[in-house]
Amino acid sequence: MISPFSKRVIKIIQKIPAGKVATYGQIASLAGNNKAARQISRILHSSSGKYDLPWHRVINSQGRISLRSGDGLEMQKAILESEGIQIINDRIDLAIFQWKNM
DNA sequence: ATAGTGACTATAG
DNA sequence: GCTATAGCCACTA
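Calculation criteria
- Residues numbered from 1 in each chain as written.
- Chains lettered and ligands numbered in written order.
- Predicted model: local features only at pLDDT ≥ 70, side-chain atom pairs only at ≥ 80, totals over all residues.
- Heavy atoms only, no water.
- 1 Å grid on protein atoms, 1.4 Å probe; cavity = no way out; pocket = protein on both sides within 12 Å on 5 of 7 lines; lining within 4 Å.
- Points joined across faces, edges and corners; volume = space filled by probe spheres on them.
- Helix = DSSP H or I, 4+ residues; strand = E, 2+ residues; numbered from the N terminus.
- Nonpolar A, V, L, I, M, F, W, Y, C, P; charged D, E, K, R; others polar.
- Near = heavy atom within 4 Å.
- Polar contact = N/O pair within 3.5 Å; in protein donor to acceptor, adjacent residues only side chain to side chain.
- Axes fitted to C-alpha atoms, helices over the stretch in contact; angles between N-to-C directions.
- Parallel < 35°, antiparallel > 145°, perpendicular 65-115°, else oblique.
- Left-handed = near helix turned anticlockwise from the far one by under 90°.
- Contact = heavy atoms within 4.5 Å.

Q: Can you walk me through the layout of surface pockets in this structure?
A: Empty space among the atoms can be located by rolling a probe the size of a water molecule over them. Approximately 370 Å³ is the volume found for the largest pocket. Residue lining of the largest pocket: 15 residues in total, with Tyr-24, Leu-44, His-45, Trp-55 and Leu-67 positioned closest to the centre. Going through the elements one at a time, helix H3 (37-47) and strand E2 (58-59) are the ones with two or more residues in the lining of the largest pocket. Broken down by element, the lining of the largest pocket gets its largest block of residues, 3 residues, from H3. Residues belonging to the lining of the largest pocket are distributed by class as follows: 7 nonpolar, 6 polar and 2 charged.

Q: Before we go on, may I ask you to explain the protein's contact with DNA strand C in this structure?
A: The full set of residues close to DNA strand C is Ser-3, Phe-5, Ser-6, Asn-33, Lys-35, Arg-38, Gln-39, Arg-42 and Arg-91. Close to the protein, within 4 Å, the atoms of DNA strand C are drawn from sugar and phosphate at a rate of 57%. For DNA strand C, a phosphate oxygen lies 2.8 Å from a polar atom in the side chain of Ser-3. The contact in question runs from a base oxygen of DNA strand C to an N or O atom on the side chain of Gln-39, over 2.4 Å. Secondary-structure elements contributing two or more residues to the surface near DNA strand C are helix H1 (4-15) and H3. Counting residues per element, the surface near DNA strand C draws most heavily on H3, which supplies 3 residues.

Q: In this structure, what is going on with the protein's contact with DNA strand B? I would like to understand it.
A: In the neighbourhood of DNA strand B, 14 residues make up the surrounding shell, with Arg-38, Gln-39, Trp-55, Ser-61 and Ser-66 lying closest. In DNA strand B, atoms within 4 Å of the protein come 46% from sugar and phosphate. The contact in question runs from a base nitrogen of DNA strand B to an N or O atom on the side chain of Tyr-24, over 2.9 Å. Here His-45 contributes a side-chain N or O atom positioned 3.0 Å from a phosphate oxygen of DNA strand B. Taken together, the elements giving at least two residues each to the surface near DNA strand B come down to helix H2 (24-31) and H3. Among the elements that take part in the surface near DNA strand B, H3 stands out by supplying 6 residues, more than any other. Taken together, the residues of the surface near DNA strand B break down into 4 nonpolar, 8 polar and 2 charged.

Q: Can you walk me through the packing of H1 against H2 in this structure?
A: For any two helices packed against each other, one specifies the crossing angle of their axes together with the interaxial distance. Contact geometry of H1 with H2 gives a least axis separation of 9 Å together with a crossing angle of 120°. On the basis of their axis angle, the class for H1 and H2 is oblique. In this structure, the crossing between H1 and H2 has a hand that is right-handed. For the pair formed by H1 and H2, the contact residues are Phe-5, Arg-8, Val-9, Ile-12 and Ile-13 on the first element and Ile-27, Leu-30 and Ala-31 on the second. Considering only residue class, the contact of H1 with H2 consists of 7 nonpolar, no polar and 1 charged.

Interpretation note: all reported values are geometric properties and have no functional meaning in isolation.
Here is the structure:
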């Protein structure tokens, strides 16, 4: 069982189109709590394996991946690049690749 | 109810 | 660019 908030977050994440990324704060804001960025990561952890979440499209506000090397970072980078997202110096240009929920 | 935790964010030095 | 601090919130025990 998951909370309404988590459900909203999951639904939002599933709406992120391939080739785009979203920040934790952005998702939190869309879910109704722009301060709940930290929870996004928790939800990803608890749901990425149970649900079909494109967790790799969720990054931090710097356009960088918060994962530590060996924890899936390499895989995430590979997936993002395969979706057409350019990663320069481990950084993504949010001005171009950030998902706009319109 | 309380305390601990975290794939965050913003600010300061 | 870096670390350190503080704020903020949901989940878990």
